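So you can see what is in the structure, the chains are spelled out below.
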Amino acid sequence: MTIPGPWSRSARAALLLDDSGALSQTIFAEMTMLATEHGAINLGQGYPDEDGPSEVLDAARQAILDGVNQYPPGVGQPVLREAVAAHQRRFYDLEVDPEREVMVTAGATEALAATILALTEAGDEVVTFSPFYDSYAALIGLTGARHRTVPLRAPDFRPDHDELRAAVSDRTRIILINDPHNPTGSILDRETLQLVVELAQRHDAVIVTDEVYEHLVFDGGHRPIATLSGARERTVTISSGGKTFNTTGWKVGWLTAPAPLLQAILAVKQYLTYANAAPLQPAIAVGLGLPDSYFLGLTQTLRRRRDLLAQGLAAAGMQPFLPRAGYFVVADAASLGVSDAHEFCRSLPSRIGIAAVPLTAFVHPEDRAEVATLVRFAFCKRDDVIAEASARLLRLRD
Ligand code: PMP
Ligand code: GLN
């Protein structure tokens, strides 16, 4: 499809157009469409193929029956804001005021959108790691700000501290981190988090941290950057119920931030969605209060599935980089003779009945060469589905 008439410069900057000037769709939509067309196992878009805890699903049903079906408060229902505050205290010893420092959003995506739109403008810079979750570049582009990136390189996908220092300056308005990280499943170590805080302080930048995979850490726990000394007062912490409770389609997210920052973000958020998901908010509140056994079980199951899929990828002749967290394993397909991961991913559904996504979709066009042979596979799928996917992957050796 070509574009009828001129598009705004910000839409162009936001990469909403592809290289040929056509309307682009997200990599997840593209690969899910191909998976559906070919009846392939979808290891592309990250969503689980099992329902989450019955307590959460039952609470949503009950809320609908109880008539919780009209607009909730724009900032979110008190029961969920209180549950988020209790969750931050229970897991991280972080004190946040549920009335002034917690906001419910339409997924982490809206929290990111409202935050970036509220805080940045043309001329500002936003620093992220690269690869990055695709909506970051689009949102930064929409504000007209400049997106600067710091590479995370295989095999361990850790940032180089000098490169991080060089990327941050007085023009930096936001340092946006994603910890644990999509797509690589890496976790920022304490020294890197400390450096982010120091740089944000030195250059008076806001730290925005996307922690949607906070409960999917395989060894040890998650350490929110807001727990570091000097961070809390300049940090917006974003998360979502989607991954933690297998409810990606509910789009219930939230952010916590110091009250003045939260007010600025709320001013934008009220004109994006105003509010969403009234009966789902109390259900996610129930989820956040589930016993430790639920959260432990979640990571144990996912760790097993990570190992299963990594074995399948290795058996198929690729080199998997074992993630420390999240839903995804990145594998290098160079050993299969692949030189263009996007082309390779376009061919997979029809060739072997598997969908995956190329890392080239998570970097700026000029950085594609750095990740040209890397492919992301989701393992948030049932064991039997992963076993079948592994069997299909073996066909790559034919
Ligand atoms: N951030 C990251 C890093 C993600 O991977 C995702 C989606 N998987 C989101 C944000 C979006 O979360 P939500 O569906 O809650 O909007
Ligand atoms: N966050 C999901 C992933 O990384 C995709 C969400 C979407 O389809 N936009 O797979």
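Scroll up to find the structure this text is about.
Procedures and definitions
- Residues numbered from 1 in each chain as written.
- Chains lettered and ligands numbered in written order.
- Predicted model: local features only at pLDDT ≥ 70, side-chain atom pairs only at ≥ 80, totals over all residues.
- Heavy atoms only, no water.
- Buried < 20%, exposed > 50% of the residue type's maximum accessible area, 1.4 Å probe, protein only.
- Helix = DSSP H or I, 4+ residues; strand = E, 2+ residues; numbered from the N terminus.
- Pairing = 2+ DSSP bridges.
- Near = heavy atom within 4 Å.
- Polar contact = N/O pair within 3.5 Å; in protein donor to acceptor, adjacent residues only side chain to side chain.
- Areas by Shrake-Rupley, 256 points an atom, 1.4 Å probe, with all protein chains shown as cover.
- Nonpolar A, V, L, I, M, F, W, Y, C, P; charged D, E, K, R; others polar.
- Salt bridge = Lys/Arg side-chain N within 4 Å of Asp/Glu carboxyl O.
- Phe/Tyr/Trp six-rings, centres within 6.5 Å; stacked < 30°, edge-to-face > 60°.
- Lys NZ or Arg CZ within 6 Å of the ring centre and 35° of its normal.
- Contact = heavy atoms within 4.5 Å.

Most of strand β7 (residues 206-210) sits inside the fold, with 5 of its 5 residues counted as buried. Both faces of β7 are covered, namely the face carrying Val206, Val208 and Asp210 and the face carrying Ile207 and Thr209. Summarising the sheet, β7 and strand β8 (residues 235-240) pair through 4 bridges and their orientation is parallel. Note on β8: the bridge partner recorded for aspartate 210 is isoleucine 238.

On to the sheet that holds strand β14 (residues 374-378). Strand order in the open sheet made by the 4 strands is β10-β11-β14-β13, with antiparallel pairing throughout. Each edge of the sheet is formed by a strand with only one pairing partner; in this case those strands are β10 (319-321) and β13 (357-358). With 3 bridges connecting them, β10 and strand β11 (residues 328-332) associate as antiparallel partners. Bridged to proline 320 within β11 is alanine 331.

Every residue close to ligand 1 is listed here: Gly107, Ala108, Thr109, Tyr133, Asn178, Asn182, Asp210, Val212, Tyr213, Ser240, Lys243 and Lys251. Asparagine 182 places a polar side-chain atom, nitrogen or oxygen, 2.7 Å from an oxygen atom of ligand 1. Tyrosine 213 places a polar side-chain atom, nitrogen or oxygen, 2.6 Å from an oxygen atom of ligand 1. Here ligand 1 loses 94% of its free accessible area of 400 Å² to cover by the protein chains. Looking at the shell around ligand 1, the element that brings in the most residues is helix α5 (residues 107-119), giving 3 residues. Partitioning the shell around ligand 1 into residue classes produces 4 nonpolar, 5 polar and 3 charged.

Before going further, it helps to spend a moment on the pattern of salt bridges. Summed over all chains, the structure comprises 22 salt bridges. A salt bridge links arginine 232 to glutamate 101, with the nearest nitrogen and oxygen atoms 3.0 Å apart. Here arginine 232 is found in the loop between β7 and β8, whereas its partner glutamate 101 is found in the loop between α4 (78-92) and β2 (102-106), with 131 residues between them in sequence. Arginine 232 sits in the partly exposed class, given a relative accessible area of 28%. We classify glutamate 101 as buried; its relative accessible area is 11%. Here aspartate 383 ties to arginine 304 by a salt bridge, and the two come within 2.9 Å at their closest N and O atoms. Remark: arginine 304 occurs in helix α12 (residues 292-315) and aspartate 383 occurs in helix α14 (residues 383-393); sequence separation between them is 79 residues. Salt bridges here are not isolated pairs; linked through shared partners, they connect Glu50, Arg304, Arg305 and Asp383.

Going through the model one piece at a time under the given rule, you end up with 14 aromatic pairs. With a centroid separation of 6.1 Å and 75° between ring planes, the pair formed by tyrosine 213 and phenylalanine 328 is classed as edge-to-face. Here phenylalanine 328 lies in strand β11 and tyrosine 213 lies in the loop between β7 and β8, a separation of 115 residues in the sequence. Assigned by exposure class, tyrosine 213 and phenylalanine 328 land together as buried. Ring geometry for phenylalanine 245 against phenylalanine 295: centres 6.3 Å apart, planes inclined by 70°, an arrangement best described as edge-to-face. Of this pair, phenylalanine 245 sits in the loop between α9 (241-244) and β9 (252-256) while phenylalanine 295 is found in helix α12, placing the two residues 50 residues apart along the sequence. Grouping residues by exposure puts phenylalanine 245 and phenylalanine 295 together as buried. By way of ring pairs, the aromatic residues Phe91, Tyr92, Phe245, Tyr294 and Phe295 are connected into one cluster. Sitting over the ring of phenylalanine 328, arginine 376 keeps its end group 3.3 Å from the ring centre. Positioned over the ring face of tyrosine 47 is lysine 381, at 3.7 Å from the centre of the ring.

Moving on: the sheet that holds strand β6 (residues 172-178). Pairing in this open sheet of 8 strands is mixed, and the strands run β2-β9-β8-β7-β6-β3-β4-β5 from one edge to the other. Of all strands in the sheet, those bounded by a partner on one side alone are β2 and β5 (158-159). Where strand β3 (residues 125-130) meets strand β4 (residues 146-153), 6 bridges bridge the pair, whose relative direction is parallel. Residue pairing for β4: glutamate 125 is matched across the bridge by arginine 146.

Turning to its location among the elements, histidine 181 is positioned in the loop between β6 and α8 (190-202). Among the polar contacts made by the side chain of histidine 181, one reaches the side chain of threonine 184 at a distance of 2.7 Å. Apart from residues no more than four positions distant in its own chain, histidine 181 is found in contact with Pro131, Leu152 and Ser186.

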